[in-house]
Amino acid sequence: MYKSILCPVSGDPSDRAQLDLAAAVAKRFAANVAVLHVKSDARDATPYLGEGMSPALISEFLESAERDANARAGRARTMFESWARDSDLALRDAPSLVDGASCAWRLESGSADKWIARLGRVADLTVVSVPGEASIGNTLTFEAALLDTAHGVLLTPPSFSGPVDGPVVIAWNASV
């Protein structure tokens, strides 16, 4: 039985299928979906910028990265609000034993893989998108969920749109 579901989103259109799958599972188990967006901190990249870059160029890079992070966070929040309305989930920070499925928005700053590992350890299930060639962020999210949470991970097919009642593949190599 699942009561808490972590669903990390990036602000990409592919998040919608992931959110829909999380909602379907939440409705089936009367669970709470914690939708997490981790806003990257541009200052974390400064050690990788290279020696000899001018302060003006570094400042321009940081400003551009901050604008991009804010835009992604805005898209993620807008998608969450639209999905929450469409999915008919109550807005609540924690699961309720009597009131059915719910969801909550959580915005953090820093490293997404660290937040997913931290929050995924206390969630019953983490729902992530299938990692794709075009998005390194989805790959890192998938790896953090799979290797660092010690709980179940549900991979979302890119075109999920239905109920959760079909076959499920379970795979593990017997390690921790």
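I will try to describe carefully the structure that is included in this document. (Residues numbered from 1 in each chain as written. Predicted model: local features only at pLDDT ≥ 70, side-chain atom pairs only at ≥ 80, totals over all residues. Heavy atoms only, no water.)

Considering helix α1 (residues 15-29)
So, step 1. When the terminal C-alpha atoms of α1 are compared, their 21 Å separation across 15 residues agrees well with the 21 Å that a helix rising 1.5 Å per residue should span.
So, step 2. Within α1, burial applies to D15, A17, Q18, L19, L21, A22, A23, V25 and A26.
So, step 3. One or two steps after α1, the chain reaches A30, where phi turns positive at roughly 55 degrees. (Helix = DSSP H or I, 4+ residues; strand = E, 2+ residues; numbered from the N terminus. Expected span 1.5 Å × (residues − 1). Buried < 20%, exposed > 50% of the residue type's maximum accessible area, 1.4 Å probe, protein only.)

Observations regarding the packing of aromatic side chains
So, step 1. Enumeration according to the criterion identifies three aromatic pairs in this entry.
So, step 2. Aromatic pair Y2 and F29: ring centres 5.2 Å apart, planes at 90 degrees, arrangement edge-to-face. Of this pair, Y2 sits in the segment before β1 (4-9) while F29 sits in helix α1, and the two are 27 residues apart along the sequence.
So, step 3. Taking the relative accessible area as the measure of exposure, Y2 reaches 29% and is therefore partly exposed.
So, step 4. Ring centres of F80 and W83 lie 5.9 Å apart, and the angle between their planes is 45 degrees; on these two criteria the pair is classed as tilted. (Phe/Tyr/Trp six-rings, centres within 6.5 Å; stacked < 30°, edge-to-face > 60°.)

So, the sheet that holds strand β6 (residues 152-156)
So, step 1. Strand order in the open sheet made by the six strands is β3-β4-β2-β1-β5-β6, with parallel pairing throughout. Since the sheet does not close on itself, it has two edges, and those belong to β3 (90-91) and β6, each with one partner.
So, step 2. Of the strand pairs in this sheet, β1 and strand β5 (residues 125-129) are connected by two bridges, and their pairing is parallel. What sits directly across from I5, in β5, is L125.
So, step 3. In this fold α1 packs onto β1, β2 (32-39), β5 and β6, with an angle of close to 175 degrees to the strand it touches most, β1. (Pairing = 2+ DSSP bridges. Contact = heavy atoms within 4.5 Å. Axes fitted to C-alpha atoms, helices over the stretch in contact; angles between N-to-C directions.)

Digging into the nonpolar core
So, step 1. Counting residues in hydrophobic clusters, the biggest one holds 25 residues, and the most contacted among them are I5, V33, V35 and W83.
So, step 2. If one sorts the elements of this core by residue count, α1 sits on top with seven residues.
So, step 3. Setting aside residues no more than four positions away along its own chain, V35 makes contact with C7, V9, L19, F80, W83, A104, W105 and R106.
So, step 4. Of all hydrophobic cores here, the second largest spans 11 residues; its members include A123, V128, A144 and A145. (Core = buried A, V, L, I, M, F, W, Y, C linked by side-chain atoms within 4.5 Å.)

Details of the pairing of β1
So, step 1. Of all the six residues making up β1, six are buried; the element is thus mostly covered by neighbouring parts of the structure.
So, step 2. Here β1 shows no split at all, with S4, L6 and P8 on one side and I5, C7 and V9 on the other all buried.
So, step 3. Across six bridges, the pairing between β1 and β2 is parallel. Opposite P8, over in β2, you have L36 as the bridge partner.

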